[in-house]
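Summary of structural features
Here are the chains, one letter per residue:
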Amino acid sequence: MARLPILRYPDPRLHTVARPVASVDERIRRLVDDMLETMYEADGVGLAATQVDVHERVIVMDTSEPRDRAVVLINPEIVARSEELKVSEEGCLSVPQIYDKVERHARVTVRALGRDGQPFELDAEGLASVCVQHEMDHLLGKVFVEYLSGLKRDRIRTKMLKKTREELRGE
Ligand code: GNR
Ligand code: NI
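All values derive from a computational prediction rather than experimental measurement.

Basis of the calculations
Residues numbered from 1 in each chain as written. Chains lettered and ligands numbered in written order. Predicted model: local features only at pLDDT ≥ 70, side-chain atom pairs only at ≥ 80, totals over all residues. Heavy atoms only, no water. Donors = N, O, S within 2.8 Å, 3.2 Å for Na, K, Ca; no water. Helix = DSSP H or I, 4+ residues; strand = E, 2+ residues; numbered from the N terminus. Buried < 20%, exposed > 50% of the residue type's maximum accessible area, 1.4 Å probe, protein only. Pairing = 2+ DSSP bridges. Axes fitted to C-alpha atoms, helices over the stretch in contact; angles between N-to-C directions. Contact = heavy atoms within 4.5 Å. Near = heavy atom within 4 Å. Polar contact = N/O pair within 3.5 Å; in protein donor to acceptor, adjacent residues only side chain to side chain. Areas by Shrake-Rupley, 256 points an atom, 1.4 Å probe, with all protein chains shown as cover. 1 Å grid on protein atoms, 1.4 Å probe; cavity = no way out; pocket = protein on both sides within 12 Å on 5 of 7 lines; lining within 4 Å. Sits in = over half its atoms within 2 Å of the grid points.

Here's the deal with the coordination of the nickel ion (ligand 2)
For the nickel ion (ligand 2), the full set of protein donor atoms is C92 (SG), H134 (NE2) and H138 (NE2), and the range of their distances to it is 2.1 to 2.3 Å. Read in sequence order, the donor residues for the nickel ion (ligand 2) give the motif C-x41-H-x3-H. Linking H134 with H138, this pair stays in helix α2 (residues 126–139), spanning four residues, or about one helical turn. Take H134 and H138: they sit in the same class, and that class is buried.

What about the sheet that holds strand β7 (residues 119–125)?
Here five strands make up an open sheet; going across it, the order is β1-β2-β3-β6-β7 and the pairing antiparallel. Two strands bound the open sheet, and with one partner strand each, they are β1 (46–48) and β7. Taken over all neighbouring pairs, the strand axes of this sheet differ in orientation by 40 degrees on average, direction set aside. Across the sheet, helix α1 (residues 26–41) touches β1, β2 (58–61) and β3 (71–81), and the angle it forms with β2 is around 40 degrees.

Observations concerning the site of ligand 1
Contacts to ligand 1 come from 13 residues, most closely from V45, Q51, L93, E135 and H138. Within the backbone of G46, a nitrogen or oxygen atom sits 3.2 Å from a nitrogen atom of ligand 1. The contact in question runs from an oxygen atom of ligand 1 to an N or O atom on the backbone of L93, over 2.8 Å. Computed on the free molecule, ligand 1 has an accessible area of 380 Å², of which 88% lies beneath the protein chains in the complex. With respect to the detected pockets, ligand 1 is housed in the largest pocket. Of all the elements in the fold, those that place two or more residues in the shell around ligand 1 are β4 (85–90) and α2. Looking at which element gives the most residues to the shell around ligand 1, the answer is α2, with four residues.

Here it is as structure tokens:
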């Protein structure tokens with residue numbers, strides 16, 4: 001397994017639309033394992049392949065506590081969503097240290113392939129529901145800050161560029 005570098009907003013590659021996985025083979029299983037290691041190492045509850053610059057429909061998640069229940073979603077599709085919406089505070093490994101409120105469906109049912117290539121359905125609520133919707137947005141090239149006002153987004157963009165520049169200088 002290997003830790004993969006995570007793209008940071010406003011990297012334009014975060015806006016790439018992922019294509020479906022054609023077959024769950026050795027290459028995809030290796031990607032899944034590397035993404036799991038990357039997610040756990042970064043203390044994230046989810047990670048989309050887009051964030052590690054792989055533009056295929058692969059998500060890993062673990063919203064359990066202790067973190068011992070990995071969920072792998074390949075070619076995920078939302079098959080049902082609650083009418084009820086819910087606002088919650090979100091963060092993103094691609095936008096470190098920024099947290100803000102986003103409105104999502106309270107519950108979603110997702111159909112996907114697992115790491116073994118077998119289809120399954122997941123009923124998600126609470127953090128898992130937020131996370132699935134957040135990760136599926138990444139696969140469509142969308143980052144949660146795009147739900148915020150233009151003013152907030154501009155401030156976040158400037159802050160991220162400054163932070164990345166400082167880190168490159170070794171500050
Ligand atoms: O680690 C993460 N935490 C989180 C918290 C609230 C809502 C969504 C998330 S997902 C995020 C990891 C990440 O960036 N996934 O794309
Ligand atoms: Ni994210």
